[in-house]
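# Observations on chain architecture
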Amino acid sequence: MSVSTQFRHIQEEVEHVERACGRREGSVQVIAVSKTVGAEEVSEAIEAGARDFGENRPDELVRKATLFPEVRWHFIGNIQSRRIPDIVSHAYLIHSLHTLRHAEKIDHAAADLGKVQDVLIEVNVSGEESKSGVAPAEALGLVQACAALPHVRVRGLMTMAPQGDLEVAQKCFDDLASLREEIASKLDAEHASSFDQLSAGMSEDWKSAIAAGSTMVRIGRAIFSASF
Ligand SMILES: *Cc1c(COP(=O)(O)O)cnc(C)c1O
């Protein structure tokens, strides 16, 4: 199947699962994770209707965002201090913030560009050592510390579930959703109202994530790999 067929198929399935879970129509955004493909595939996905793309390496983010400025580019990868100006120049949303030191650098870079950078806090819900992200118990503190930075706006939480067991993934997504609610209840009204996003779910587990309340599913292989 072609990229455009696979994208349309995923988009339809997402709308179907939204309805099945009683979610509002259009409440779940598909982020096409294009990290393994080139410009041609991105172009095909755009023609099929994709408007949000995810990249995990700064070089590729810069390259593709420059080629396709008409769509939104999400940064979903490991943040390195020296690449923060490049990331902030091109990212619509950074999903993978988990240290205050990086938040402060993002704040500076965004101030230089005259923008407010939207970010999500990555949480290591599963506690797997191989996963990055702040521990759930530390998430509120980081969100509150970021609230003091004028050029950073925390829009919600992101996680990656362990692969291979949908029940474990479901628990992870449910825990992330509860954590978002708990944190929102402790923020002032202004910060709470924009703390409304959950980035959770990938090619293998996105249905469980939507059931738990995810607002952004990050899908790579199911769109771009012919063999998925
Ligand atoms: C690669 C990647 C994805 C997409 O994974 P698939 O299993 O290919 O859908 C989602 N999120 C992050 C952070 C990734 O690095």
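An account of the accompanying structure is given in this report. (Residues numbered from 1 in each chain as written. Predicted model: local features only at pLDDT ≥ 70, side-chain atom pairs only at ≥ 80, totals over all residues. Heavy atoms only, no water.)

## Remarks on the site of the ligand
Rules: Whether a residue is near a molecule or strand depends on its heavy atoms: if one lies within 4 Å, it is near. Whenever a nitrogen or oxygen atom comes within 3.5 Å of another N or O atom, the pair is scored as a polar contact, on the condition that within protein one atom can donate a hydrogen and the other can accept it, and that pairs from neighbouring residues in sequence are kept only if both atoms are in side chains. Each residue is assigned to one class: nonpolar for Ala, Val, Leu, Ile, Met, Phe, Trp, Tyr, Cys and Pro, charged for Asp, Glu, Lys and Arg, and polar for all the others, Gly among them.
Looking at the ligand, the residues that line it are Val 33, Lys 35, Ile 76, Met 160, Met 202, Ser 203, Arg 218, Ile 219, Gly 220 and Arg 221. One nitrogen or oxygen atom from the side chain of Ser 203 is found 2.5 Å from an oxygen atom belonging to the ligand. Residue Gly 220 places a main-chain N or O atom 2.8 Å away from an oxygen atom belonging to the ligand. Of the residues assigned to the shell around the ligand, the class counts are five nonpolar, two polar and three charged.

## Here's the deal with the nonpolar core
As a reminder, the rule being used: Here the nonpolar core consists of buried residues drawn from Ala, Val, Leu, Ile, Met, Phe, Trp, Tyr and Cys, with membership extended through side-chain atoms lying within 4.5 Å. Any residue under 20% of the maximum accessible area for its type is buried, any over 50% is exposed, and the rest in between are partly exposed; the area is computed with a 1.4 Å probe on protein chains only. Only heavy atoms matter for contacts: two residues are in contact if any of them lie within 4.5 Å across the pair.
Among the nonpolar cores identified, the biggest contains 67 residues, and Phe 53, Ile 94, Ile 121, Val 123, Leu 157 and Ile 223 are the most heavily contacted of them. Contacts of Phe 53, omitting those with residues within four sequence positions, involve Ile 31, Ala 32, Ser 34, Val 42, Ala 45, Ile 46, Val 71, Arg 72, Trp 73, His 74 and Phe 224. Core analysis: the second largest hydrophobic core is formed by five residues, Ile 31, Leu 120, Met 158 and Met 216 among them.

## Examining the pattern of salt bridges
Between side chains of opposite charge, a pair can form when the charged atoms approach closely. Here is the rule we go by: A pair is scored as a salt bridge if a Lys or Arg side-chain nitrogen falls within 4 Å of a carboxyl oxygen belonging to Asp or Glu. Helical segments are the DSSP runs of H or I of at least four residues, strand segments are the runs of E of at least two, and each set is numbered from the N terminus.
Applying the stated criterion across every chain, the model contains 14 salt bridges. Its salt-bridge partner being Asp 52, residue Arg 72 comes within 2.8 Å of it at the nearest N-O pair. Here Arg 72, found in strand S3 (residues 72-75), pairs with Asp 52, found in strand S2 (residues 52-55); they are 20 residues apart in sequence, far enough to count as distant. Between Arg 153 and Asp 118 there is a salt bridge, and its shortest N-O distance comes to 2.9 Å. Of the two residues, Arg 153 is situated in strand S6 (residues 152-158) and Asp 118 in strand S5 (residues 117-122); the sequence distance between them amounts to 35 residues. Classification of Arg 153 as partly exposed rests on a relative accessible area of 37%. If you follow the salt bridges from partner to partner, you end up with Glu 55, Glu 60, Arg 63 and Lys 64 in one network.

## What to know about the pairing of S2
Quick reminder of the rule: Orient the strands so they point away from the viewer, and a crossover whose first-strand-to-second-strand path over the helix runs clockwise is right-handed. If DSSP finds at least two bridges between two strands, the strands pair.
Burial along S2 is two-sided: Asp 52 and Gly 54 and Phe 53 and Glu 55, pointing in opposite directions, are all buried. As for the winding sense of the linkage, the β-α-β connection from strand S1 (residues 29-33) through helix H2 (residues 39-47) to S2 is right-handed. Sheet analysis places S2 next to S3, joined by four bridges and oriented parallel. Looking at S3, one finds that Phe 53 is bridged to Trp 73. For the handedness criterion, the β-α-β arrangement of S2, helix H3 (residues 58-67) and S3 is classed as right-handed.

## Description of helix H1 (residues 3-20)
Applied cut-off: A helix's residues, less one, multiplied by 1.5 Å, set its expected span.
In this model H1 runs 25 Å from its N-terminal to its C-terminal C-alpha over 18 residues, within 8% of the 26 Å that 1.5 Å per residue would give. One or two residues past the end of H1 sits Gly 22, with phi positive at roughly 70°.

## As for helix H7 (residues 166-186)
The line we're drawing: Relevant arc is that of directions from the helix axis to the C-beta atoms, nothing else.
Between its first and last C-alpha atoms H7 spans 31 Å; for 21 residues at 1.5 Å apiece the expected length is 30 Å, and the two agree. Within H7, burial applies to Ala 169, Cys 172, Phe 173, Leu 176, Ala 177, Leu 179, Arg 180, Ile 183 and Ala 184. The buried residues of H7 occupy one face: seen down the axis, they fall within an arc of 160°. Turned more than 90 degrees off the buried face of H7, the exposed positions are Glu 167, Lys 171, Glu 181 and Ser 185.

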